[in-house]
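Survey of secondary and tertiary structure
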Amino acid sequence: MDLILKKLEEIEKRMIASEGKQRMYNLYNKEYWTVEELAWYLNAKIATIYSYTHKRLIPYHKAHGFNLFKRDDVYAFIGKNRLKSRDEVGGDMEALMLS
């Protein structure tokens, strides 16, 4: 019986992983994402996404009362919030000290 339960757990994990891959594929092929899709992609709560829109931190479009996010805008939003590595910061400090 334990063997059957372990196998079922393995199958469930594979199904969840497969579902995540399918969801990523679907998002990649869509130009506009819903709040729920963006929250899943960013691994954030839906309330966080609404907070971002309310504060105008992320660009979005309104269509029939729904907030839609253009895929390229999402990628730009993520890139804009990039933090420099320690090496990059160190290089910047050296350049400032030499000038």
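See the structure shown above.
Everything in this summary refers to the structure shown in the same document.

Calculation criteria
Residues numbered from 1 in each chain as written. Predicted model: local features only at pLDDT ≥ 70, side-chain atom pairs only at ≥ 80, totals over all residues. Heavy atoms only, no water. Helix = DSSP H or I, 4+ residues; strand = E, 2+ residues; numbered from the N terminus. Contact = heavy atoms within 4.5 Å. Areas by Shrake-Rupley, 256 points an atom, 1.4 Å probe, with all protein chains shown as cover. Buried < 20%, exposed > 50% of the residue type's maximum accessible area, 1.4 Å probe, protein only. Arc of directions from axis to C-beta. Phe/Tyr/Trp six-rings, centres within 6.5 Å; stacked < 30°, edge-to-face > 60°. Core = buried A, V, L, I, M, F, W, Y, C linked by side-chain atoms within 4.5 Å. Axes fitted to C-alpha atoms, helices over the stretch in contact; angles between N-to-C directions. Parallel < 35°, antiparallel > 145°, perpendicular 65-115°, else oblique. Nonpolar A, V, L, I, M, F, W, Y, C, P; charged D, E, K, R; others polar.

The helix and strand tally for the protein chain stands at five helices and three strands. Within the protein chain, counting contacts between residues at least 6 apart in sequence, those at least 24 apart form 42% of the total. For the protein chain, the exposed area adds up to about 8,400 Å²; of that, 58% sits on carbon and sulfur atoms.

Our next topic: helix 4 (residues 71-80). Turning to helix 4, its buried residues number three or more, namely R71, V74 and F77. Buried positions in helix 4, seen along its axis, are confined to an arc of 120 degrees and lie on one side of it.

It is worth spelling out the packing of aromatic side chains at this point. A full pass over the atoms with the stated rule returns five aromatic pairs. The interplanar angle of 55 degrees and the centroid separation of 4.9 Å between the aromatic rings of W33 and Y41 together place this pair among those described as tilted. Residues Y60 and F69 carry aromatic rings whose centres are separated by 6.2 Å and whose planes lie at 45 degrees to one another, so their mutual orientation is tilted. Taking the relative accessible area as the measure of exposure, Y60 reaches 24% and is therefore partly exposed. Aromatic ring contacts, followed pair by pair, group W33, Y41 and Y75 into a single cluster.

This paragraph deals with the nonpolar core. Residues L27, W33, V35, L38, A39, I49, I58, F69, V74 and F77 constitute the largest nonpolar core, which totals 10 residues. For this core, the secondary-structure elements that each account for two or more residues are helix 2 (35-42) and helix 4. It is helix 2 that contributes the most residues to this core, three residues altogether. With residues up to four places along the chain from it excluded, the contact list for F77 reads Y52, L57 and I58.

What follows covers the packing of helix 2 against helix 3 (residues 46-54). Where helix 2 meets helix 3, the axes come as close as 9 Å, and the angle between the chain directions of the two elements is 110 degrees. As far as their axial angle goes, helix 3 and helix 2 are roughly perpendicular. Facing helix 2, whose interface residues are V35, E36, L38, A39 and L42, helix 3 presents I46, I49 and Y50. Of the residues that constitute the contact of helix 2 with helix 3, the class distribution is seven nonpolar, no polar and one charged.

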